[in-house]
Structures are given as C-alpha cells and as structure tokens.
Amino acid sequence: MRVFVQSAALLVALSAASAAQAFMLLQDELFPRAHFSERSLARTGQFLNTHLLSTVGVDAVETPSNEQTEKRIFAALGVAAQAAFNVGEKLRFDMRANALRSIASTEVTENSGWKKSESASELVAAAVARFALNDGLRVGGGATWVLRPAAVETFEFAQELARTEYSPYNLLAPEFMFSKENGSGWSAGLGWRPKATRQRSFRRDAASEFTEFNEDVALDEQWSAGVVAQLQNSRQLSLDVNLHGVGETQIRDPKTGTTNDDGSRRRYELSGLLGLGDTGSHKMSFGLGYQSIGYTDQGNVSPQSIPLWTLLIRDELKWNDLNARLDALFGYGTDTQSLPDLNAHYRRIIVSVQAGVLF
C-alpha cells in the first residue's frame, strides 16, 4: 500500500504544470526560424502558396548522477497556407494559416517502467491589412488567432497509470506592422504582437483520485524585424530577428534566488537566408539561424528552452507555370543544467521538411 501511495504521489508530481505557463506556438517550436521577411516583405503582387509540414526529432536528457537518460521522440504533421492580394493601389491584405498535430513519447532508457505519452494540436490564423503611404511606406494592423484543442498526457510509473487532460482554449492577439520598400531593390519592416493571455483548466487522474485545476496561459509579446536585399546575379539576402517576452519584468529575490515569473527569459531568434541565382529550373537558397537561451533559472531548463542552431536548405523548382518549393531544416541544440548533484546534459535534434506549391 505504501508503494502504491508513493507511486501515485510521484505520478501527480510528474503530471504537474507550472503555476503560470507561457507557451510557444507549435510551428515556432517545430520549425524554429524567424521569417518576418517572408511573411510581410514580399515585393511580388498577388500570390497563394500552400505547404505540407512534417517534423521528427529527439530530445535527450542525460543525468550523470544516476546514470540515466531520458529520451523523448516527437513527430508532427500539418498544412500551411499564405496568400496576399491588393485592393486598389493603396491597400494590401496578407493572410496565413496553419494546422499542426504533434505526438511525443518519453522513456527513461534505464527504467522500462517509466513512460510518458503526449498529443497536441494547434490552429493558427492571421490577417494583416497594410495601407501604402508615400515613398514606399506601408503601415498596417491585424490580428493572430490561436486555437489549442483539448490535449492529453499519460504517464506510467511502477505499473501505475496517470492521465492529465487539458481543456481547449483560444486567444486573439492584435498585430501591428510597418514596412518600407526602396526602388533600388531592398525592403525592411518591423512588426509587434502584444502579449495575450487566457485561462484553461486541466484534470489529473492518478491512483483513482481526480483533481482539477485552472491556470493562466500566455502567448508572449513579440517584436519582429526583417530586411530583404536584391543582390547582383539575381541573388537575394534576407535577415530576420524575433524578440520574445520583451515586455516582461523579471526581478530576482536575492534571498531565495528565484524570479517573480515562470522562469522564462526574454529570448531572441536570428536567421539569414541567401538565395543564389537561377540555374535553369532550380533556385537554391541556404540559411542559418540561432535561437538564444530561454530560461532564467537552472531549475527551468527544458529541451524547448535551450539554445538552438538551425540550417535551412531550400530548392525552388519551376515546371512550366507551376512553382514548387522544398525546404529541409536541421536543428541542433545542447546545454547543461548546472544544479548540485545533477548536472544534467540536454540535447535537441530536429529535422523538418516542408513541401509546397506557389500559385
């Protein structure tokens, strides 16, 4: 009986969520790349493109103190679409939407009795209207809508089972944008999305006991900026940066060493993409990206918050009137949690593929 109670208590602890939780969009986590220039600085007229999205990856946490390795294997599938069209000479609409479904399975390799399974979905839709002023200036605004359907996590430990069911929720965040186009072949822009919060409930079921909680979830404030430059020989260079959570105030208590938030950190993302000139039916592009550390305290380290490097290889193909695009993105991150008697080593590997057509 004692073992049963201890196992149930541990299962509840494992399924616990933080008191205040900031979440990352699945697309930002599984396809980690700043891309404001692609969304908002296209110099072309009306267009529509659709893509299939796929990702596989592995998160590993090695703990030397007990010689155990926690391995999480995840995968996701989805679709995305983006469209832009002009209304008259002054007004332009940019719209995008994506839907993703992800699953993950976690095991401790040295303990076959510890398992965790996750599943989650996400739908994101955004629309921005931009009005043209003089000298290539455009100002605009719109909104981003996020829907998170119900999600489930299941745990197994010492032959005991636990289940956490998260309620669905949605939120709406306004978005504002400013851009400048230059006749010599470059465009630059700045975007801002303020923080948006919503409350959700979740229910834990462990050892025939049920507990229900409510918590606030938040989509962090984000500043985005990008520039696109046309180079010689039909080459193109784009540079992008995102700043997340820049409006948060984080004050550390000198006595306890803790902060007044959920342990997250103001985070930035950098990415660059160089498009080579056309070579027949192919146009190749190569990009690099970096995502900075995403936590303030070592106790909040996770595979999603460690620094991450990415490499993007893009091939744009032209077949008569059909334009197709294939993206292959590779991500690798590593970090060490320096806690007494722990020193866990975190690693994340991501391989993402996007394939689509441009109409």
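None of these values were measured; they are calculated from a predicted model. (Residues numbered from 1 in each chain as written. Predicted model: local features only at pLDDT ≥ 70, side-chain atom pairs only at ≥ 80, totals over all residues. Heavy atoms only, no water.)

Observations regarding the overall build of the protein
Here comes step 1: A count of helices and strands for the protein gives 3 helices and 19 strands.
Here comes step 2: The buried share of the protein, taken over its 359 residues, is 41%.
Here comes step 3: Counting contacts in the protein only where the partners sit at least 6 residues apart, residues at least 24 apart contribute 63% of the total.
Here comes step 4: Here the protein displays about 18,400 Å² of accessible surface, and carbon together with sulfur accounts for 58% of that area. (Helix = DSSP H or I, 4+ residues; strand = E, 2+ residues; numbered from the N terminus. Buried < 20%, exposed > 50% of the residue type's maximum accessible area, 1.4 Å probe, protein only. Contact = heavy atoms within 4.5 Å. Areas by Shrake-Rupley, 256 points an atom, 1.4 Å probe, with all protein chains shown as cover.)

A word on empty space enclosed by the protein
Here comes step 1: Applying the stated criterion to the full structure yields 3 cavities of 30 Å³ or more.
Here comes step 2: What the largest cavity holds in volume is close to 70 Å³.
Here comes step 3: Looking at the largest cavity, the residues that line it are Met24, Asp28, Glu29, Pro32, Arg267, Gln291, Pro303, Gln304, Ser305, Ile306, Leu308 and Arg348.
Here comes step 4: A breakdown of the residues in the lining of the largest cavity according to their chemical character gives 5 nonpolar, 3 polar and 4 charged.
Here comes step 5: As a volume, the second largest cavity reaches approximately 60 Å³.
Here comes step 6: Lining the second largest cavity are Arg39, Ser40, Gln82, Asp94, Met95, Arg96, Val128 and Met177.
Here comes step 7: At the level of elements, α3 (36–40) and β4 (91–108) are the ones that each hand at least two residues to the lining of the second largest cavity. (1 Å grid on protein atoms, 1.4 Å probe; cavity = no way out; pocket = protein on both sides within 12 Å on 5 of 7 lines; lining within 4 Å. Points joined across faces, edges and corners; volume = space filled by probe spheres on them. Nonpolar A, V, L, I, M, F, W, Y, C, P; charged D, E, K, R; others polar.)

Brief notes about the pattern of salt bridges
Pairing of side chains with opposite charge becomes possible as their charged atoms draw close.
Here comes step 1: For the structure on display, the rule yields 16 salt bridges.
Here comes step 2: Among the salt bridges present, the one from Glu165 reaches Arg163, with a minimum N-O distance of 2.8 Å.
Here comes step 3: Each of the salt bridges in this network shares a partner with another, and the network as a whole consists of Glu29, Asp59, Arg72, Glu118 and Arg348. (Salt bridge = Lys/Arg side-chain N within 4 Å of Asp/Glu carboxyl O.)

A closer look at the environment of Leu219
Here comes step 1: On the secondary structure map, Leu219 appears in strand β12 (residues 209–219).
Here comes step 2: Relative accessible area serves as the criterion here: at 3%, Leu219 is assigned to the buried category.
Here comes step 3: On a C-alpha basis, the gap between Leu219 and Ala173 in space is 8.4 Å, while along the polypeptide they are 46 residues apart.
Here comes step 4: Beyond its immediate sequence surroundings of up to four residues, Leu219 is in contact with Phe23, Leu25, Val146, Leu171, Arg193, Pro194, Lys195 and Ala196.

Topic: unusual backbone geometry
Here comes step 1: Here Asp135, not a glycine, exhibits a phi torsion of approximately 60°, which is positive.
Here comes step 2: Mapping Asp135 onto the fold places it in the loop between β5 (111–132) and β6 (137–148).
Here comes step 3: Residue Ser234 is not a glycine yet carries a positive backbone phi of 65°.
Here comes step 4: Considering the arrangement of structural elements, one finds Ser234 in the loop between β13 (222–230) and β14 (236–244).
Here comes step 5: Of the residues examined, Ser234 reaches a relative accessible area of 45% and is grouped as partly exposed.

Looking at the pairing of strand β10 (residues 186–193)
Here comes step 1: What you see with β10 is a clean split: Ser187, Gly189, Gly191 and Arg193 sit on the buried side and Trp186, Ala188, Leu190 and Trp192 on the side with no burial.
Here comes step 2: Sheet topology note: the strand β9 (residues 169–182)/β10 ladder contains 7 bridges and is antiparallel. Bridge assignment links Asn182 to a residue of β10, and that residue is Trp186.
Here comes step 3: Here β9 folds back onto β10 in antiparallel fashion, the turn holding 3 residues, of which Gly185 has a positive phi close to 115°. (Pairing = 2+ DSSP bridges.)

Remarks on the packing of aromatic side chains
Here comes step 1: The full count for this structure, using the stated rule, is 8 aromatic pairs.
Here comes step 2: The structure contains a cluster of three or more aromatic residues connected by ring pairs, namely Tyr166, Phe202 and Phe213. (Phe/Tyr/Trp six-rings, centres within 6.5 Å; stacked < 30°, edge-to-face > 60°.)

Some thoughts on the confidence of the model for the protein
Here comes step 1: Looking at the protein, pLDDT values average 84 and 85% of them are 70 or higher.
Here comes step 2: Within the protein, β6 carries the highest mean pLDDT (95), whereas helix α1 (residues 2–14) carries the lowest (39).
Here comes step 3: Predicted confidence is poor over residues 1–20, with pLDDT under 50, and the contacts of this stretch with residues over four places away or in other chains come to 32 contacts. (pLDDT = per-residue confidence, 0-100.)

Examining a nonpolar patch on the surface
Here comes step 1: Residues Val56, Val58, Ile73, Leu288, Leu311, Leu326, Phe330, Tyr332, Ile349, Val351 and Val353 make up a contiguous nonpolar surface patch of roughly 900 Å² in combined accessible area.
Here comes step 2: Mapped onto the elements of the fold, Val58 is located in strand β2 (residues 47–63).
Here comes step 3: Since its relative accessible area comes to 30%, Val58 is described here as partly exposed. (Patch = residues over 30% accessible without salt bridge, like charges linked within 9 Å, V, L, I, M, F, W, Y side chains within 5 Å.)

Considering the environment of Ala225
Here comes step 1: Inspection of the secondary structure assignment puts Ala225 in strand β13.
Here comes step 2: Among the residues examined, Ala225 registers a relative accessible area of 22% and is labelled partly exposed.
Here comes step 3: C-alpha of Ala225 to C-alpha of Asp240: the two residues are 15 residues apart in sequence and 5.8 Å apart in space.
Here comes step 4: When near neighbours in sequence (up to four residues on either side) are disregarded, Ala225 contacts Phe36, Gly189, Leu190, Leu239, Asp240 and Val241.

Focus: the environment of Ser40
Here comes step 1: Of note, Ser40 is situated in helix α3.
Here comes step 2: Residue Ser40 is classed as buried on the basis of its relative accessible area, which comes to 4%.
Here comes step 3: For the pair formed by Ser40 and Gly226, sequence separation is 186 residues and the distance between their alpha carbons is 8.8 Å.
Here comes step 4: Beyond its immediate stretch of four places on either side in the chain, Ser40 contacts Arg130 and Met177.

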